[in-house]
Amino acid sequence: MFMCRHARRLFPALKIVLLSFLSLFLLAVHAMAGQGAANPAGIAGVVTDNTGAVLPGVTVTATSPALQVPSVTSVSDERGEYRLSPLPIGLYTVLFELPGFQNVRREGVRLTVGFTARIDAEMNVGGVAETITVSGASPLVDTSNTATTTEMTREQLEVLPTSRDGFHAFLAQVPGVRTNLDVGSSGLGDGVLFRIYGQDGSPWQMLEGVLASAPTVGGNGASHIDFNAIDGTRVSTVGNNAEMPRRGMLVDSVMKSGGNDFHGTAVAYGSNGALEGDNIDDSLEKAGIRLASLHKVQDFAGTLGGRIIRNKLWFFAGARYQNVTRDILDAYDPDGTPIANVKEGTYHFEKISYQVSSGNRLTGFYHENNDIELRNASKFIPRESMVYKENPVWMTKAEWQTVRGNTLVASMQVGAWDFNGDYRGVAQGKQATTDIATLYQTGNYFTATT
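Remember, predicted model here, so these are calculated numbers, not experimental data.

Topic: the overall build of the protein
A tally of helices and strands in the protein yields four helices and 29 strands. Residue burial in the protein is summarised as follows: out of 450 residues, 48% are buried. Considering only contacts within the protein whose residues lie at least 6 apart along the sequence, 66% involve residues at least 24 apart. Accessible surface for the protein amounts to roughly 21,200 Å². Of this, 57% is attributable to carbon and sulfur atoms.

Structural data, given as C-alpha cells:
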C-alpha cells in the first residue's frame, strides 16, 4: 500500500501506476466476488459428519443480495476446512452439499466490515435428497479479535435519527466516542474530530484500506466521506490488533458497490427562516437584540449503481451538494445589512469492480469532497475582511485481490490521499489594516495563507 499526504506532487507517477494496474484486466486469470475492501469479510469453518469425522469434498455455496455474482463456492479440503473470502458485507445463506449426505443450509449469516464468521457444519448420512435448514444461529462476535468494536451496517445507518453528515451522523452512537457538536448543520465544513474516552488525537481513519487522516501521532482531524457512499463501518476503540499502528480509534469504512441490477437514490432536504422559531420578545427587540436569521439549508444528493457487463463489470457513483447560509450575530454592513456566514460542501465519488474470472478481482475508486466557507465577519471585521476557505480532499485506490484454494488470500493495493487547505481574503490587493484603538479591521484578510 502506498499513501502520501502531499500526493499532488506524485500524481503523474500515480497515474502511471493506475494505468499499469488497469492493464492487469487483460492479464489476470482466476478471481473472487468480494467488494474489494482492504479489510474484507469472510466465512470459514470445518465440515464434519455426525461422528465428528471431517468431510472433504463438501461443496459450500454462499448466496446473498450483497454479491455481485449469483453465488460464491468453495470445497472443503482433506481436513474438512473451507473458506469463502473476501466477501462483501451483508446477509448470507450458506449451503453445504455432499452426495450421500443430507444438505445443510445456514440462513441469516451477517457479515460486517473485517468480520470473518466461523460457520461449522455437521452433515448426516441421508439416502433421500433433503435439506436441514438452520436459522437464527449466526455468529455475532469475532472471537479472533480482541478489539472493542462497534459495527454500523447499512440498515443501521439508514435509520439514524441524526443528520446524514458523514461520520458526524453515527460516531455519536459508538460508546465512549464523541465527535463535533452539530446543531442544525452548524458543523458543516468543520474538520471531523475524533474523541475517545475524553482524549483527542491519534485517529486512524480508512476508506477501503486507504488512510484518510493525517498519519501523525497528534493528528486529530479526519476526512469527510459522503454518508450516501458508505456501505458499512467498524469503529474500534481499544484492544486493536496490529492493523492499528498507534493508540487511538480505528475507523474502517467500505464503500457501496454496483450490482447486476440498477439501483439509485435521490435525496433532497431543505429549510429556511420561515421554518425557524425564535424567543426574541418585544423587550429584547427594544434592547437591540436581533436573531441571526437563517437564510437556507440545502442538501441534494444522488447515487446510481449497476452493471456494465453482467456478472463481470459493475459501477457505483454519486454526488452531493450542501449549503447552510445564516447571518452572523452582530455583523452588519454600514447600511445595516446583515452579513451572512456561508458554508458549502461538495462531493462526488466513483467506484468500479471487475470480476475477471473465479479467483482474481480488480477494484478502484475515487472520492473527493470540498469544504467551502465564507466566514469571520463580526462587529470589528467588515465584509471586505472576511475569510474564504476551501479544503479540497481526495482519495483514490486501485486493488487486485486473488484467492488460491482455502489457504491463500492475497491483495495488492496502491492508494493516495491528499488534503490541501486554502484560506484567503475576499478583498485581494487591498491593504489590510487594524485600528489599534477600536480593533476595527479593513482591507484584505490580514493573515491570509495558503
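Let's talk about the sheet that holds strand β14 (residues 199-200)
Spatial strand order, β11-β13-β14: three strands in an open sheet with antiparallel pairing. The two strands at the open ends of the sheet, each matched to only one other strand, are β11 (177-178) and β14. Where β11 meets strand β13 (residues 195-196), two bridges bridge the pair, whose relative direction is antiparallel. When the sheet's bridge partners are listed, arginine 178 is paired in β13 with arginine 195.

So, the sheet that holds strand β9 (residues 131-134)
Here five strands make up an open sheet; going across it, the order is β3-β2-β5-β6-β9 and the pairing mixed. The sheet terminates laterally at β3 (72-75) and β9, the two strands that pair on one side only. On average, each strand axis in the sheet is inclined to that of its neighbour by 20°, with strand direction left out of account.

So, the pattern of salt bridges
Tallying each qualifying case throughout the model produces 17 salt bridges. Between glutamate 373 and arginine 375 there is a salt bridge; the shortest N-O distance is 3.4 Å. The exposure class assigned to glutamate 373 is buried, which follows from its relative accessible area of 6%. For arginine 375, a relative accessible area of 24% puts it in the partly exposed group. One salt bridge in this structure joins glutamate 390 and arginine 424, with 3.1 Å as the shortest N-O distance. Residue glutamate 390 is located in strand β25 (residues 387-404), and its partner arginine 424 is located in strand β27 (residues 422-425); the two are separated by 34 residues in the primary sequence.

Quick notes on a negative patch on the surface
Together, Asp278, Asp281, Asp282 and Glu285 make up a region of like negative charge exposed at the surface. Positionally, glutamate 285 belongs in helix α4 (residues 282-286).

Observations regarding the environment of glutamate 368
Note on placement: glutamate 368 falls in strand β24 (residues 360-375). A relative accessible area of 25% places glutamate 368 in the partly exposed class. Not counting the four nearest positions on each side in its chain, glutamate 368 is found in contact with Thr346, Tyr347, His348, Val393 and Trp394. Polar side-chain contacts of glutamate 368 include one of 2.6 Å to the side chain of tyrosine 366.

Comments concerning the packing of aromatic side chains
Summed over all chains, the structure comprises four aromatic pairs. With 6.4 Å between their ring centres and 50° between their planes, phenylalanine 262 and phenylalanine 315 make a pair best called tilted. In this pair, phenylalanine 262 is assigned in the loop between β19 (250-255) and β20 (263-271) and phenylalanine 315 in strand β22 (residues 313-332), connecting sequence segments 53 residues apart.

Re unusual backbone geometry
The omega torsion of the bond from serine 85 to proline 86 falls at -5°, within 30 degrees of zero and hence cis. Mapped onto the secondary structure, proline 86 falls in strand β4 (residues 81-87). Here leucine 439, not a glycine, exhibits a phi torsion of approximately 65°, which is positive.

Considerations on the nonpolar core
Grouped together as the largest cluster of nonpolar side chains are 30 residues, with contacts concentrated most on Ile43, Phe96 and Met123. Among the elements of the structure, β1 (41-49), β2 (59-63), β4, β5 (90-97), β6 (103-111) and β8 (121-123) are those that each provide at least two residues to this core. Core analysis: the second largest hydrophobic core is formed by 13 residues, Val210, Ala229, Phe349 and Trp417 among them.

Section: a nonpolar patch on the surface
A cluster of nonpolar side chains, Ile308, Ile309 and Ile352, forms an exposed patch at the surface whose accessible area comes to about 250 Å². Within the element layout of this structure, isoleucine 309 appears in strand β21 (residues 294-309).

Some thoughts on the pairing of β1
Burial runs high along β1: nine of the nine residues are buried. Burial along β1 is two-sided: Ala41, Ile43, Gly45, Val47 and Asp49 and Gly42, Ala44, Val46 and Thr48, pointing in opposite directions, are all buried. Strand direction decides the pairing type here: β1 and β4, joined by five bridges, are antiparallel. When the sheet's bridge partners are listed, isoleucine 43 is paired in β4 with leucine 84. Two elements, β1 and strand β7 (residues 116-118), share three bridges in a ladder whose sense is parallel. Each bridged residue has a counterpart across the sheet, and for alanine 44 the counterpart in β7 is arginine 118.

Description of the confidence of the model for the protein
Taken over all residues, the pLDDT of the protein has a mean of 80, while the share at 70 or more is 78%. Across the protein, element-level confidence peaks in strand β23 (residues 338-355) with a mean pLDDT of 94 and bottoms out in helix α1 (residues 11-23) with 44. Of the regions scoring below 50 in pLDDT, residues 1-37 engages in 103 contacts with residues more than four places distant in sequence or in other chains.

Overview of the environment of histidine 367
Following the sequence through the fold, histidine 367 ends up in strand β24. Here histidine 367 falls in the buried class, since its relative accessible area comes to 0%. Along the chain, histidine 367 and threonine 396 lie 29 residues apart, while their C-alpha atoms are 6.4 Å from each other. Apart from residues no more than four positions distant in its own chain, histidine 367 is found in contact with Leu207, His224, Ile225, Asp226, Tyr347, His348, Phe349, Val393, Trp394 and Met395. Within the local environment of histidine 367, its side chain forms a polar contact with the backbone nitrogen of aspartate 226, the two atoms lying 3.2 Å apart.

Cut-off values and rules
Residues numbered from 1 in each chain as written. Predicted model: local features only at pLDDT ≥ 70, side-chain atom pairs only at ≥ 80, totals over all residues. Heavy atoms only, no water. Helix = DSSP H or I, 4+ residues; strand = E, 2+ residues; numbered from the N terminus. Buried < 20%, exposed > 50% of the residue type's maximum accessible area, 1.4 Å probe, protein only. Contact = heavy atoms within 4.5 Å. Areas by Shrake-Rupley, 256 points an atom, 1.4 Å probe, with all protein chains shown as cover. Pairing = 2+ DSSP bridges. Axes fitted to C-alpha atoms, helices over the stretch in contact; angles between N-to-C directions. Salt bridge = Lys/Arg side-chain N within 4 Å of Asp/Glu carboxyl O. Patch = residues over 30% accessible without salt bridge, like charges linked within 9 Å, V, L, I, M, F, W, Y side chains within 5 Å. Lys, Arg positive; Asp, Glu negative; His and termini not counted. Charge placed at Lys NZ, Arg CZ, Asp CG, Glu CD. Polar contact = N/O pair within 3.5 Å; in protein donor to acceptor, adjacent residues only side chain to side chain. Phe/Tyr/Trp six-rings, centres within 6.5 Å; stacked < 30°, edge-to-face > 60°. Core = buried A, V, L, I, M, F, W, Y, C linked by side-chain atoms within 4.5 Å. pLDDT = per-residue confidence, 0-100.

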